[in-house]
Structures are given as C-alpha cells and as structure tokens.
Amino acid sequence: MKFSLWRKDNAEAVVTEARALIQKQLPQVSRRRFLARGLTLGGVGLLSGCVIDNNATAEAALTRISQFNDWAQGKLFDPSQLAPTYPDAMITRPFPFNAFYGEDQAPQIDGEAFRLEVSGLVTRKRPWSLRDLRDLPQYTQVTRHICVEGWSAIGKWSGPRLGDFLVMIGADMRARYIGVHCSDDYYTSIDMATAMHPQTLIALDWNDAPLPPKYGFPMKLRIPTKLGYKNPKHVQAIFVSNTFNRGYWEDQGYNWFGGS
Ligand SMILES: Nc1nc2c(c(=O)[nH]1)N[C@H]1C(S)=C(S)[C@@H](COP(=O)(O)O)O[C@H]1N2
Ligand SMILES: [Mo]
C-alpha cells in the first residue's frame, strides 16, 4: 500500500489509511495500539512528501512522529496547569492493578530497611528512609490515573512533593531529566518541569494507608499530568541528569512525554 501525504484536502482519509497501514504492519500489539491512537493529523503532517510503503519506512516515520509529539508536548506543557481532582466518593473501588507481570509477583520490600538512593547532579546524596520522607510536608490528592491500555481509574495518593524533595537534596534545577529506577527493574524518566509540578508526589500512602505491595510499596511517583506508565511504582533510586534514559515502555514505542 502506498499513499502520499501532501494533499491537504485528503488529510482525513490519509489518517484513516495510515492507521490501517500501521495496524497491518506493526507486529507488536501494544505498540500498534498505542501508536495507532497517537497518530494525529499534526503527526501525519510531519510526514509530508514521505511515501510509506514498507515496514522499515513505517517504523522510521512513526519514530519521527513520536519524537515530534515529544517535542510538541514539551512545548505545550504548562507547568502551572493542574490535573483535575475528585471527591473521595468518586474513588474507583476496587482500584485496578497493572504491571508487566502478575499481581502475585509484585516485589516485597522491607520498609524498615528501605533507603531511597539519590544520585547525579545533586549536592546531598545521602539515602532517605521512609521516615525521612514522612517528615517532609505531606499532600493528599484524588486524581485520575489513565493507562494507555484503555482504562482509567480515580485513586487517592499522599506523600511529599517530588519538587520539595529535589530542593532538599540540592538538585541542579537546570538538569533536564529525573531518572527513576524501580526494584522490579522497571524504569522511566521525566523532565524537570514535570518533576517540579506541584501535583507530582512521592506517594507513600494510598487510600490513607501505606501503599500496598501491588500498588508500589514503599513509594511510587504519582504524576497526574502523565499517563500510567510514567507513574513508577516500587521506586528504588532517583537520579538527576542531563543524560537521557527513556523508560521501560518508552523503549518499546510509547511516547516519552506521555502526557495525560
Ligand atoms: N515498577 C513498576 N511501575 C509501574 C509499572 C510496572 O510494571 N512496574 N507499570 C506501569 C503502568 S503501565 C501502569 S498503568 C501503572 C499501574 O499502576 P496500578 O497498579 O497502581 O494501577 O503502573 C505503572 N508503573
Ligand atoms: Mo499502563
């Protein structure tokens, strides 16, 4: 199948055609679903003049769309814009579980022994205990978690602000990324503006009690301005850096920006 994308009058048809092509040609189900949905008129516009006629070209084009989306979303992200919050009565019960493994395989972490590791462009690198984190001002938020797999759920999380924590550890605010490594080997990274966002929490509690293991004990980053896969559970280490370390799902084709 071939199509050319410079005919603006035909843009809708092109998007439909592009979606069909992607669904036919990209083998990985998750990637196919995500990218097919992420493909917008703006994204296709980027491809002007490009003829997609095989798998490799489709992949390259999609990578470019994805990079374009990251760039555009970064530009559009307003650090003062707040994600909607909800009353307790709207909390989803039971709250869904998701991970790249089954619910019974969630890591079991010893909270007493746990120390959050801090590294990279920070002046104070001492590890943090859960008690240390609870000594920071705590915030509670009821927000919607949106997963690219097609579900969303409203949940309640509490803990210190990641921004307050970054200030406490003397993070270099000019650094571009905050990388996160989890004890189940999951990983992701966010931009500094998102890290400093007032709603970005180091969540220690879920529904007013310590996070249950399946929801990320001993801590997760709750970022209501980001999609589910950019909300890492079982956080073990945080590093402040200018070196890009994408993320577990991001490395498999999901957008790095992942705004919700
Ligand atoms: N450590 C870790 N964090 C993770 C994941 C994971 O597999 N491991 N999955 C992500 C995805 S895709 C989603 S939708 C949410 C699910 O969080 P929940 O179990 O609290 O609903 O966790 C995110 N954070
Ligand atoms: Mo997800």
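Read on for a plain summary of the structure.

What counts as what
Residues numbered from 1 in each chain as written. Chains lettered and ligands numbered in written order. Predicted model: local features only at pLDDT ≥ 70, side-chain atom pairs only at ≥ 80, totals over all residues. Heavy atoms only, no water. Pairing = 2+ DSSP bridges. Helix = DSSP H or I, 4+ residues; strand = E, 2+ residues; numbered from the N terminus. Near = heavy atom within 4 Å. Polar contact = N/O pair within 3.5 Å; in protein donor to acceptor, adjacent residues only side chain to side chain. Areas by Shrake-Rupley, 256 points an atom, 1.4 Å probe, with all protein chains shown as cover. Patch = residues over 30% accessible without salt bridge, like charges linked within 9 Å, V, L, I, M, F, W, Y side chains within 5 Å. Salt bridge = Lys/Arg side-chain N within 4 Å of Asp/Glu carboxyl O. Buried < 20%, exposed > 50% of the residue type's maximum accessible area, 1.4 Å probe, protein only. Lys, Arg positive; Asp, Glu negative; His and termini not counted. Contact = heavy atoms within 4.5 Å. 1 Å grid on protein atoms, 1.4 Å probe; cavity = no way out; pocket = protein on both sides within 12 Å on 5 of 7 lines; lining within 4 Å. Points joined across faces, edges and corners; volume = space filled by probe spheres on them. Nonpolar A, V, L, I, M, F, W, Y, C, P; charged D, E, K, R; others polar. Phe/Tyr/Trp six-rings, centres within 6.5 Å; stacked < 30°, edge-to-face > 60°. Lys NZ or Arg CZ within 6 Å of the ring centre and 35° of its normal.

1. As for the sheet that holds strand E3 (residues 151-159)
With antiparallel pairing, four strands are arranged side by side in an open sheet as E2-E3-E7-E8. Here the strands that pair on one side only, and so sit at the sheet edges, are strand E2 (139-147) and strand E8 (209-210).

2. Concerning the site of ligand 1
In the neighbourhood of ligand 1, 21 residues make up the surrounding shell, with Pro96, Asn98, Asp184, Asn231 and Lys233 lying closest. Asparagine 98 is positioned such that a nitrogen or oxygen atom in its backbone is 3.0 Å from an oxygen atom of ligand 1. One of the side-chain nitrogen or oxygen atoms of lysine 233 is found 2.6 Å away from an oxygen atom of ligand 1. Here ligand 1 loses 99% of its free accessible area of 530 Å² to cover by the protein chains.

3. A few points about a nonpolar patch on the surface
Together, Val167, Met173 and Met196 make up a nonpolar patch on the protein surface, roughly 240 Å² of accessible area in all. Topologically, valine 167 is positioned in helix H6 (residues 162-168).

4. Re the side chain of lysine 220
Following the sequence through the fold, lysine 220 ends up in strand E9 (residues 220-222). Among buried Asp, Glu, Lys and Arg side chains, lysine 220 stands out as unpaired, with aspartate 184 the closest opposite charge at 11 Å. In contact with lysine 220, other than residues within four places in its own chain, are His145, Trp157, Leu201, Ile202, Ala203, Leu211, Tyr215, Asn231, Pro232, Lys233 and Val235.

5. Some thoughts on the pairing of strand E10 (residues 235-241)
For E10, the tally of buried residues reaches six of seven residues, placing the bulk of the element in the interior. Relative to E10, strand E4 (residues 177-182) is paired through six bridges, and the arrangement is antiparallel. Bridging across to E10, histidine 181 finds its partner in alanine 237.

6. Here we look at the environment of glutamine 138
Note that glutamine 138 resides in the loop between helix H5 (130-134) and E2. Of the residues examined, glutamine 138 reaches a relative accessible area of 36% and is grouped as partly exposed. Along the primary structure glutamine 138 and alanine 203 are separated by 65 residues, whereas in three dimensions their C-alpha atoms are 9.2 Å apart. Sequence-distant contacts of glutamine 138, defined by excluding residues within four places in its chain, comprise Leu133, Gly159, Pro160 and Leu204.

7. Description of the pattern of salt bridges
In this structure the tally under the stated criterion is ten salt bridges. With a closest N to O distance of 2.7 Å, aspartate 205 and arginine 134 form a salt bridge. Remark: arginine 134 occurs in helix H5 and aspartate 205 occurs in strand E7 (residues 205-206); sequence separation between them is 71 residues. The exposure class of aspartate 205 is buried, given its relative accessible area of 14%. Taking relative accessible area as the criterion, arginine 134 reaches 36% and is therefore assigned partly exposed. Bridged by salt links that share partners, the residues Asp88, Lys156 and Asp208 form one connected network.

8. A closer look at the layout of surface pockets
Quantified by volume, the second largest pocket comes out at close to 230 Å³. The wall of the second largest pocket is formed by 16 residues, among which Ala83, Pro84, Pro224, Thr225 and Ser260 lie closest to the centre. It is E2 that provides the largest number of residues to the lining of the second largest pocket, a total of three residues. Its residues placed into classes, the lining of the second largest pocket shows nine nonpolar, five polar and two charged.

9. Remarks on the packing of aromatic side chains
Taken as a whole and judged by the stated rule, the model has 15 aromatic pairs. For the pair phenylalanine 100 and tyrosine 101, a centre-to-centre distance of 4.8 Å together with 75° between the ring planes defines the contact as edge-to-face. Accessibility expressed as a relative area gives 14% for tyrosine 101, which makes it buried. With a centroid separation of 5.1 Å and 85° between ring planes, the pair formed by tyrosine 248 and tryptophan 249 is classed as edge-to-face. An aromatic cluster is defined as three or more aromatic residues linked by ring pairs; in this entry it consists of Phe100, Tyr101, Tyr186, Tyr229, Tyr248, Trp249 and Tyr254. Looking at arginine 161, its charged tip hangs above the ring of tyrosine 139, at a distance of 3.9 Å from the centre. Positioned above the aromatic ring of tryptophan 157, the side-chain terminus of arginine 222 is 4.4 Å from the ring centre.

10. Things to note about empty space enclosed by the protein
Per the stated rule, a full pass over the model turns up four cavities of 30 Å³ or more. One number sums up the size of the largest cavity: a volume of about 370 Å³. Taken together, 24 residues line the largest cavity, and the ones lying closest to its centre are Asn98, Ala99, His145, Gly228 and Lys233. In terms of residue class, the lining of the largest cavity is built from 15 nonpolar, five polar and four charged.

Honestly, that's just the spatial picture; any functional story needs more than this.
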